[in-house]
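# Fold and contact review
Below are the chains, spelled out letter by letter.
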Amino acid sequence: MIALWCTTLAAPATNAADDTRVLGTFQTDEALQVNLLAGALEQGRFAFAYGTYPHLYFNAALVPLTALAAARPVRERDIALALRAVSVAFGAATMLLVFAWARRRYGSPTAWLSLVVLALNPMFYGWAALAHPDVTQAFFLMLALYLLGRFVDQPSTGGWLAVSVVAGLAFATKYGGLPLLPLIWCAAARAVYTGRRAPRPLGARPFRLAAAAIAVALIGASPWLDAGFIAAQLTSDGQLDLPSPERTISLVRHAAQILGGVLAVVASWPAPWTALGRAPRLRCVMQDGVVSILVFGAAFTLVSPYSWARLAFVKGLVYHTVHGGLVEPVASSNWLSFVADETGVWVLIAAAATAAWVAARLVRGRAVSGSDAVLVAWNVMFVAVLFLPVHGVARHYVLPLIAPMILLACSGVARAAAAVATRRPSPVLRWAGAAVAIVVLIVAESAMAVRLTAERRATLARMETSDAVWVGRWLQCHTPPSTRIAYDHMSYVPPYFRHVMPTWGGTLAWLAAADPDIVIVNSIISARYGADDRAGSAYYTALVDGRAGFDRVLSRGTLAVYTRRGRITGVEDAAASLDGCLSAAAAQ
């Protein structure tokens, strides 16, 4: 079944892979990832010039691409297909892991039900064919949760270290791996305080020395927390992607000084350390926490070493938090509807009911398996994380929930069915119950299957139905290849044009320096980057009212085309011959 699932992904995974500009039209991150690897291959290094994510996913594609480069030149298509193949492979691995986990812990009915539901999930299916790290991260998150569930059932040093390693690998793929650390610490603390794991603790002295060392480091490093120094030394373009960078960095500097001062006082005060010396279990928990962070960091560094170059991963974290969380509206009431849409309403209801059942057993003092506890904890915690101001609002942020929620929901459904069968042993009732369950499942999943099919068809047909592609071909018909074009991302400019400048919203100074003949504005980008408090506001306003020296000659969908006044002529009258023109462009 998993092999069949992978086979059906062959067409979406190869669709529009020949042209990076096409990728950037529909999924800008795909084009950025392809360009990222193209630059690394050109340099012959695993260091990336830019990137908001850690590098495990990219390195997984870069290794075979480097070998291929030794035999022949690597094309854009090769890079796009390699990145997408990695996503497909980890998607298949996630499905296999879900099946194996469910069969081992909950039995074959849960395993097959979980596998079918996950295979029919449109978001999981669609993102498995994209050059993006999300599905790869989903695998490592699921593996970490599986290992954490085993550790809760049977605490051991090896199991705890294994969870920390896999959590580091998840973080090395994308920052969603970070929430695993609190779960690891809670599980380790539970094992220590219940007496199921009793490592030999260090004395209080090493912790006191560590506090003193951190205090010295914070106070000593605080003078270097200067916006100018950081921009010059830790960025490639000398720009800090922060609102009010001077003020923000100043707040960070003062916070470091205050924290360093507090730690210095604590380190010099004997009373806390005397009390800690009398609390061996607390020392065990603190020791486990420190070691898990070190192991987590070591795994991250091993597979993504260049993330430390100029503290690239720190900049990525800050970018996602500031631009995706603190600037955009985050506390959106849409999150629960996003979860329901992307997992399925019945999955959300069944998962909530199963979580309530697990909580009730805990309240009554009954045994709960590590898998149940971990799945409930992750789903509850990650839903809460969705509402925190540490990311933007995008549907694909639900991906880390899909596999765990499906497994939790299906385990509850299977156990409920088994309980009914036990209480009503009549074969007729059992078969009738099974038939009703199958019908309900088919009806519930039919909407997912219809949506999956529709999205797959739309993906394969997007070149023929896209307004962006239509506008790009229209330009190709009516302007020469030497035309200089500035365009918002998610617009399409054919390779026919050599001088192109994509932008996330320009400025008037940039427009004067770039001196394009044509500007393409996409309202999706202008709404985000041209708001009143953004630098691009004046740029977009000047284009619309004509003060920038451009006239609008075409509007279609979310796109508007502006030509520089007096430089490009004849385009205004081109609308009369679009049909034949577009046919000729398509033939090219």
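Residues numbered from 1 in each chain as written. Predicted model: local features only at pLDDT ≥ 70, side-chain atom pairs only at ≥ 80, totals over all residues. Heavy atoms only, no water.

## Observations regarding helix α14 (residues 245-268)
Selection rule: Numbering of helices and strands runs from the N terminus, with a helix taken as a DSSP run of H or I at least four residues long and a strand as a DSSP run of E at least two residues long. Helices are assigned an expected span. That span is 1.5 Å times one less than the residue count. Throughout, exposure labels follow a simple rule: accessible area from a 1.4 Å probe, protein chains only, divided by the maximum for the residue type, with under 20% read as buried, over 50% as exposed, and the rest as partly exposed. Any two residues whose heavy atoms approach within 4.5 Å are treated as being in contact.
Spanning 24 residues, α14 covers 34 Å between terminal C-alpha atoms, matching the ideal 34 Å at 1.5 Å per step. Those residues of α14 not exposed but buried are I249, S250, A256, G260 and A267. On its buried face, α14 sits against α12 (204-221), α13 (227-234) and α15 (270-277).

## Remarks on the packing of aromatic side chains
This is how it is decided: Within 6.5 Å between ring centres, the rings of Phe, Tyr and Trp (the latter by its six-membered ring) count as paired, and their orientation is classed by plane angle as stacked under 30 degrees, edge-to-face over 60, tilted in between.
With the rule as written, the count across this model stands at 18 aromatic pairs. Relative to Y146, the ring of W101 has its centre 5.5 Å away and its plane inclined at 65 degrees; by these criteria the two rings are edge-to-face. A residue pair is termed long-range when its members are at least 10 positions apart, and W101 in helix α6 (residues 76-105) and Y146 in helix α9 (residues 134-153) qualify at 45 residues. With relative accessibility at 1%, the residue W101 sits in the buried group. Residue Y146 is classed as buried on the basis of its relative accessible area of 13%. Centre to centre, the rings of F139 and F140 are 5.2 Å apart; their planes meet at 70 degrees, and the pair counts as edge-to-face. By relative accessible area, which is 14% here, F139 ends up buried. Note on F140: relative accessible area 8%, which makes it buried. Taken together through their ring pairs, the aromatic side chains of F171, Y175, F296, F300 and W308 make up a single cluster.

## Observations concerning the pattern of salt bridges
Where we set the bar: One side-chain nitrogen of Lys or Arg within 4 Å of one carboxyl oxygen of Asp or Glu is enough to make a salt bridge.
For the structure on display, the rule yields 15 salt bridges. Between R451 and E455 there is a salt bridge, with the nearest N and O atoms lying 2.7 Å from each other. Of this pair, R451 and E455 both sit in helix α22 (residues 427-460), four residues apart, roughly one helical turn. Here D515 and R564 are joined by a salt bridge, their closest N and O atoms 3.5 Å apart. Here D515, found in the loop between α25 (508-514) and β3 (518-522), pairs with R564, found in strand β5 (residues 559-564); they are 49 residues apart in sequence, far enough to count as distant. For R564, a relative accessible area of 16% translates into the label buried. Residues participating in the shared-partner salt-bridge network are D341, E342, R395, R451 and E455.

## What about empty space enclosed by the protein?
Condition: Only protein atoms enter the 1 Å grid used here. Points where a 1.4 Å probe fits but cannot escape make up a cavity, open sets with protein on both sides within 12 Å along at least five of seven lines make up a pocket, and a residue lines them when an atom lies within 4 Å of a point. Grid points are joined across faces, edges and corners, and a volume is the space filled by probe spheres set on the points. Residues are grouped as follows: Ala, Val, Leu, Ile, Met, Phe, Trp, Tyr, Cys and Pro are nonpolar; Asp, Glu, Lys and Arg are charged; every other residue, Gly included, is polar.
A full pass over the atoms with the stated rule returns one cavity of 30 Å³ or more. The space that makes up the largest cavity amounts to roughly 50 Å³. F124, A138, L141, M142, L145, W378, L399, P400, A403 and P404 together form the lining of the largest cavity. Considered class by class, the residues forming the lining of the largest cavity number 10 nonpolar, no polar and no charged.

## Observations regarding the side chain of D372
Put simply, the rule is: We call two N or O atoms a polar contact when they sit within 3.5 Å, provided that within protein one can donate a hydrogen and the other can accept it, with sequence-adjacent residues counted only if both atoms are side-chain atoms.
With respect to the helices and strands, D372 occurs in helix α20 (residues 370-386). For D372, the side chain forms a polar contact with the side chain of R415, separated by 2.9 Å. When residues no more than four places from it in sequence are discounted, the contact partners of D372 are Y106, W357, V358 and R415.

## A word on the nonpolar core
Condition: We define a nonpolar core as any set of buried Ala, Val, Leu, Ile, Met, Phe, Trp, Tyr and Cys residues linked to one another through side-chain atoms lying within 4.5 Å.
Ranked by size, the top nonpolar core spans 110 residues in total, and within it L37 and L83 carry the most contacts. The biggest single contributor to this core is α6, with 14 residues. Not counting residues within four places of it along the chain, the set of residues in contact with L37 comprises F48, F58, A61, L62, L65, I79 and L83. Within the second largest apolar cluster, 21 residues are counted, among which are V22, W474, I518 and I520.

## Considering the environment of L408
In this fold, L408 is placed in helix α21 (residues 399-423). For L408, a relative accessible area of 1% translates into the label buried. Residues L408 and V374, 34 residues apart in the sequence, show an inter-C-alpha distance of 9.9 Å. Once residues lying within four places of it in the same chain are set aside, the contact partners of L408 are A351, T354, L375, V376 and N379.

## Points about the pairing of β5
The cut-off we apply is this: Any two strands between which DSSP finds at least two bridges are classified as paired.
For β5, the tally of buried residues reaches six of six residues, placing the bulk of the element in the interior. Sheet analysis places β3 next to β5, joined by five bridges and oriented antiparallel. Each bridged residue has a counterpart across the sheet, and for I518 the counterpart in β5 is T563. As paired elements, strand β4 (residues 550-556) and β5 share six bridges and run antiparallel to each other. Note that in β5 the partner of L554 across the bridge is V561.

## Considerations on the environment of T301
Along the chain, T301 turns up in helix α16 (residues 280-303). Linking T301 and L169, residues 132 residues apart in sequence, is a C-alpha distance of 9.1 Å.

## A few points about a nonpolar patch on the surface
Let me state the cut-off plainly: Patch construction takes residues with relative accessible area above 30% that form no salt bridge. Like charges are linked within 9 Å, and nonpolar side chains (Val, Leu, Ile, Met, Phe, Trp, Tyr) are linked within 5 Å. The Shrake-Rupley method, run with a 1.4 Å probe sphere, supplies the accessible areas, and residue values consider only the shown protein chains as cover.
There is a patch of nonpolar side chains on the surface, built from W308, L311, V314 and V318 and spanning about 300 Å² of accessible area. Using a relative accessible area of 33% as the deciding quantity, one classes V314 as partly exposed.

## Concerning unusual backbone geometry
Notably, A16 is not glycine yet its phi reads approximately 55 degrees, a positive angle. Tracing the backbone through its elements, the reader meets A16 in the loop between α2 (10-14) and α3 (20-26).

## Brief notes about the packing of α12 against α14
Just so we agree on the cut-off: Where helices are involved, their axes are fitted lines through C-alpha atoms of the stretch in contact, as for all axes, and angles between N-to-C directions lie from 0 to 180°. Orientation categories follow fixed angle ranges, with anything under 35 degrees roughly parallel, anything over 145 roughly antiparallel, 65 to 115 roughly perpendicular, and all other angles oblique. Should the near helix be turned counterclockwise from the far one by less than a right angle, the crossing is left-handed, whereas a clockwise turn marks it as right-handed.
Where α12 contacts α14, the axes come no closer than 8 Å and their chain directions differ by 150 degrees. The angle between the axes of α12 and α14 places the two elements in the roughly antiparallel class. For α12 against α14, the interelement crossing comes out left-handed. Contact residues: R208, A211, A212, I214, A215, L218 and I219 in α12; A256, L259, G260, G261, L263, A264, A267 and S268 in α14. When grouped by side-chain class, the residues that make up the contact of α12 with α14 number 11 nonpolar, three polar and one charged.

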